[in-house]
Amino acid sequence: MKKIVLSTLALMGLAHANQCEVTIKGDDAMQFDVKEFTVEKAACAEFTVKLEHSGSLPLAAMGHNVVVAKTADIDAVVADGVAAGPEKNYVKEGDERVIAATKLVGGGESTEVKFKTEGLEAGGDYTYVCTFPGHAAIMRGKLLVK
Ligand code: CO
């Protein structure tokens, strides 16, 4: 009996952990496989975005990152990110509009970023993009908050 209870608790723990993260794949065709994901603030004080580059093209040709900002800010974040260049992972240094940003990865690589959810507004309008030059128009999705 004790064993069963412990297993159940372990499973609940796993479910809880998975709820506070998302894995997004980016490929050589400039596509994210996830178009939207939800952050549940009450369940997740922190949230992890994992990025896997499932392609094989090098970073310089087909780099991907995931950058989260308010939808109203995203175009400016992308423009300033592109201007910042690859050595800054195409994110302007100290950009306070950026809620979370992974580094840039190339084919076969992966990375992740963890961020606090307390600043997110339930029902707010948030977008994630890849800020590699030319990618943000296609590589973008919605972050929903509840
Ligand atoms: Co990209």
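Model, not experiment: these values are computed from the prediction. Per chain, the residues get numbers from 1 upward, laid out in the order the sequence is written. Under the rules for a predicted model, residues below a pLDDT of 70 receive no local features and side-chain atom pairs below 80 are neither given nor counted, while totals for whole chains, interfaces and linings still include all residues. The basis for the side-chain values is all heavy atoms of the structure; hydrogens and waters are excluded.

> Just to check I follow, could you spell out the coordination of the cobalt ion for this structure?
Geometry reference: four tetrahedral donors at a metal, ideal angle 109.5 degrees. Six octahedral donors, ideal angles 90 or 180 degrees. For Na, K and Ca the donor cutoff is 3.2 Å, while for all other metals N, O and S atoms count as donors only within 2.8 Å; water does not appear among the atoms, so some sites may look incomplete. Around the cobalt ion, the protein contributes the donor atoms G63 (O), H64 (ND1), C130 (SG) and H135 (ND1), at 2.1 to 2.6 Å from the metal centre. All donor residues of the cobalt ion come from one chain, and their arrangement in sequence is G-H-x65-C-x4-H. Taken together, the residues H64 in the loop between α2 (59-62) and β4 (67-70) and C130 in the loop between β7 (126-129) and β8 (140-145) connect sequence positions 66 residues apart. Whether a residue is buried, partly exposed or exposed follows from its accessible area with a 1.4 Å probe, protein chains only, as a fraction of its type maximum: under 20%, in between, or over 50%, in that order. For H64, a relative accessible area of 0% gives the class buried. Numbering of helices and strands runs from the N terminus; a helix is a DSSP stretch of H or I covering at least four residues, while a strand is a stretch of E covering at least two.

> What am I meant to see in the nonpolar core here?
Among soluble globular proteins, nonpolar side chains are generally buried collectively. Formed by 28 residues in total, the largest nonpolar core has its most connected members in I24, F37, F47, V49 and L143. Among the elements of the structure, β1 (21-26), β2 (36-39), β3 (46-53), β6 (110-116), β7 and β8 are those that each provide at least two residues to this core. Counting residues per element, this core draws most heavily on β3, at three residues. Residue contacts are counted whenever heavy atoms from the two residues lie within 4.5 Å of one another. The residues contacting V49, other than those within four sequence positions of it, are V22, I24, F37, V66, T102, T111, E112, V113 and F115. Grouping buried Ala, Val, Leu, Ile, Met, Phe, Trp, Tyr and Cys residues that are joined through side-chain atoms within 4.5 Å yields what is termed a nonpolar core. The next biggest cluster of nonpolar side chains, apart from the first, holds nine residues, and it includes A69, V77, V91 and V98.

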